[in-house]
Amino acid sequence: MPVTRERGQRQVFCGLAGIVWLHRKMQDAFFLVVGSRTCAHLLQSAAGVMVFAEPRFATAILQDRDLAGLADCNEELDRVVTELLARRPDIGTLFLVASCPSEVIKLDLDTAAERLAASQQGRVQILAYSGSGLDTTFTQGEDTCLTALVPRMPELPAAERSLLVLGTLPDIVEDQFARLFAEIGIAPVHFLPPRKAAELPPVGPGTLLLAAQPFVGETAAALAKRGATLIEAPYPFGIEGSRAWFAAAAAAWGLPAERVEAAIAAPVARAERGLANYREQLAGKRISFLPDSQLEIPLGRFLSRECGMQLTEVGVPYLDRRMMAAELELLPAGLRLTEGQDLERQLDRLRQDRPDLTVCGLGLANPLEAEGLTTKWSIELVFSPVHGFDQAADLAELFARPLNRRQRLAF
Ligand code: SF4
């Protein structure tokens, strides 16, 4: 598959956005961003709904004196963390999240995390990772967060084996997947991230690793260093992707394909019925993906093969061939696949193509709508339960909805 590489101005969110879904998943975790007022604003607007709940994230704001090197940021950070932990005894794991400003002034949060964990005498697990947007896209925030967890995972006993599903899944999807793995005969199955950051799953040479999200390549590499073996599979989006994902796990576990087919028969039938309606609405429509979430390739594959859409262009922030190998084989021949972004050139192509639907970041959606293009926010595809058979129709609906809206508004 030929890939066009582009370098230039990019229009993506930073990794702090990952906090929005990570804090929902790991119920005992607190995320303290060490950043500027811009970072605080991003978090508050991206995760604004949380103002109605007890928040599990905050920003320790670096002031001008910190940024100019006139104050000792470490002293200030120690004070903020000590106060926070005294006020919130429910915090089991504290993530110190680096941002662009903290990285620019080279604030060493790894060392700070070690120092603070020692001062808490093991009462709280304290870890650091980077959510900075200097050179990354927004889903990489999850990858850096999970990579930080890997050294803390306990060792899987030598004679044992287990399946480890990698990448955040909404609890409802995790439960469905756990049930299907049990029916197929695969056990034990663990998930990373877990629902409690303090209860990390084990890893070792007996671990088979199955990625549920395509943007966790660094975590997969860190787990491989601890002995885990990555199973090559498409991602569980749509019927085809989900079937192939379970089949790859079963084959790696040494189980026959019939076991999988028997376990998934009912969910597949439900998904077929649910998808039929949306297939009618989506077939023949042209769609472009701007590089943003790393989900572009598997979602493009689902929309073209199961919903009959035409892929005008699929852009990815970066192409991780190891994580995408099975997906690349399923893409239609002749696809215009781009890696990286040169924003103006990409927008020129988009204006020329004028697809029926454009999947892009929040910052581009409104200006493109004003130009008469119909858009879908890519970040919504990361928040929503879209994996697996029972969510296949919901996934298709997320793309049909903006097309319907445009049609209804047309006069
Ligand atoms: S981490 Fe960087 S890109 Fe993200 S909000 Fe803060 S300054 Fe902006």
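Residues numbered from 1 in each chain as written. Predicted model: local features only at pLDDT ≥ 70, side-chain atom pairs only at ≥ 80, totals over all residues.

The protein is annotated in an unreviewed UniProt entry as Light-independent protochlorophyllide reductase subunit N from Thiohalocapsa marina. The annotation that UniProt attaches to the protein under Function (unreviewed entry) is "Component of the dark-operative protochlorophyllide reductase (DPOR) that uses Mg-ATP and reduced ferredoxin to reduce ring D of protochlorophyllide (Pchlide) to form chlorophyllide a (Chlide). This reaction is light-independent. The NB-protein (BchN-BchB) is the catalytic component of the complex." Quoted verbatim from the Sequence similarities (unreviewed entry) field of the UniProt record, the comment on the protein reads "Belongs to the BchN/ChlN family." (UniProt positions renumbered as here; feature names shortened; annotations may be inferred.)

**Focus on the sheet that holds strand E2 (residues 29-35)**
Working definition: the strands of a sheet are paired by backbone hydrogen bonds and lie parallel or antiparallel to each other. The parallel open sheet is built from four strands, whose spatial order is E3-E2-E4-E5. Whereas interior strands pair on both sides, the edge strands pair on one side only; in this sheet they are strand E3 (57-61) and strand E5 (125-130). Strand-to-strand twist of the sheet, defined as the mean angle between neighbouring strand axes without regard to direction, takes the value 25°. Relative to strand E4 (residues 93-98), E2 runs parallel, the two being bridged by six bridges. Paired with Phe30 across the bridge in E4 is Leu94. Sheet strands in contact with helix H7 (residues 140-149) are E4 and E5, and its direction is about 140° off that of E5. (Pairing = 2+ DSSP bridges. Helix = DSSP H or I, 4+ residues; strand = E, 2+ residues; numbered from the N terminus. Axes fitted to C-alpha atoms, helices over the stretch in contact; angles between N-to-C directions. Contact = placed C-beta atoms within 7 Å.)

**Points about unusual backbone geometry**
With an omega of -5°, the peptide bond between Ala187 and Pro188 qualifies as cis. One can find Pro188 in the loop between helix H8 (171-184) and strand E7 (189-192). Positive phi, normally seen in glycine, also occurs at Gln121, with a value near 50°. The topology assignment puts Gln121 in the loop between helix H6 (109-119) and E5. Under the C-beta neighbour-count criterion, Gln121 is labelled exposed, with 7 such atoms within 10 Å. Positive phi is not limited to glycine here, since Arg354 has a value of about 40°. With respect to the element layout, Arg354 can be found in the loop between helix H14 (343-353) and strand E13 (357-360). (Buried ≥ 20, exposed ≤ 12 C-beta atoms within 10 Å, placed from the backbone.)

**Re the nonpolar core**
Counting 118 residues, the largest nonpolar core has Leu32, Val34, Phe95, Leu96, Val97 and Leu166 as its most contacted members. At seven residues, helix H11 (residues 257-282) tops the list of elements feeding residues into this core. In contact with Phe95, not counting residues within four places along its chain, are Ala29, Phe31, Leu32, Leu127, Tyr129 and Cys145. (Core = buried A, V, L, I, M, F, W, Y, C linked by C-beta atoms within 7 Å.)

**A look at the sheet that holds E7**
The strand order E7-E6-E8-E9 describes an open sheet built from four strands, whose pairing is parallel. In this open sheet, the two strands that pair with only one neighbour each are E7 and strand E9 (229-230). Pairing between strand E8 (residues 207-211) and E9: two bridges, direction parallel. Looking at E9, one finds that Leu208 is bridged to Thr229. Against the sheet, helix H9 (residues 217-225) engages strand E6 (162-166), E8 and E9, with an angle of about 175° to E8.

**Comments concerning the site of the ligand**
Lining the immediate environment of the ligand, one finds 13 residues, of which Cys14, Cys39, Ser99, Cys100 and Gly133 sit closest. A total of three residues in the shell around the ligand trace back to one element, the largest contributor, which is helix H2 (residues 37-46). Of the residues in the shell around the ligand, the class split is six nonpolar, seven polar and no charged. (Near = placed C-beta within 6 Å. Nonpolar A, V, L, I, M, F, W, Y, C, P; charged D, E, K, R; others polar.)

**Overview of the UniProt feature "binding site: [4Fe-4S] cluster" (unreviewed entry) in the protein**
Here, the residues flagged by UniProt with the feature "binding site: [4Fe-4S] cluster" (unreviewed entry) are Cys14, Cys39 and Cys100. In three dimensions, the annotated residues from a span of 87 residues occupy one location, with a maximal C-alpha spread of 9.4 Å. Take Cys14: it is sitting in the loop between strand E1 (3-6) and helix H1 (19-25). In contact with Cys14, other than residues within four places in its own chain, are Gly131, Ser132, Gly133, Thr136 and Phe138. When you line up the elements, Cys39 lands in helix H2. Residue classification places Cys39 among the buried residues on the basis of 25 C-beta atoms within 10 Å. Discounting residues that sit within four places of it in the chain, Cys39 has contacts with Leu16, Val33, Thr59 and Ser99.

**Some points on the pairing of strand E12 (residues 337-340)**
In terms of strand pairing, E1 meets E12 through four bridges, oriented parallel. Within the sheet, the bridge partner assigned to Val3 lies in E12 and is Leu337. As defined by bridge partners, strand E11 (residues 310-316) adjoins E12 across three bridges and the pair is classed as parallel. Considered in E12, the bridge of Gly315 is made with Thr338. In this fold, E11 hands off to helix H13 (residues 321-328), which returns the chain to E12; that crossover is right-handed. (Right-handed = clockwise from strand over helix to strand, strands pointing away.)

**Thoughts on helix H12 (residues 296-307)**
Judged by how many residues are buried, H12 sits mostly within the fold: 10 of 12 residues are covered. Regarding H12, the residues found buried are Glu296, Ile297, Pro298, Leu299, Gly300, Arg301, Phe302, Leu303, Glu306 and Cys307. Once H12 ends, the next one or two residues include Gly308, with phi positive near 75°.

**Section: the packing of H8 against H11**
Relative orientation of the contacting elements H8 and H11 amounts to 135°, with a least axis distance of 9 Å. Considering their axes alone, H8 and H11 lie oblique with respect to each other. Between H8 and H11 lies a crossing whose hand is right-handed. Packed against H8, whose contacting residues are Leu180, Glu183 and Ile184, the element H11 presents Arg259, Val260, Ala263 and Ile264 at the interface. Tallied by class, residues from the contact of H8 with H11 come to five nonpolar, no polar and two charged. (Parallel < 35°, antiparallel > 145°, perpendicular 65-115°, else oblique. Left-handed = near helix turned anticlockwise from the far one by under 90°.)

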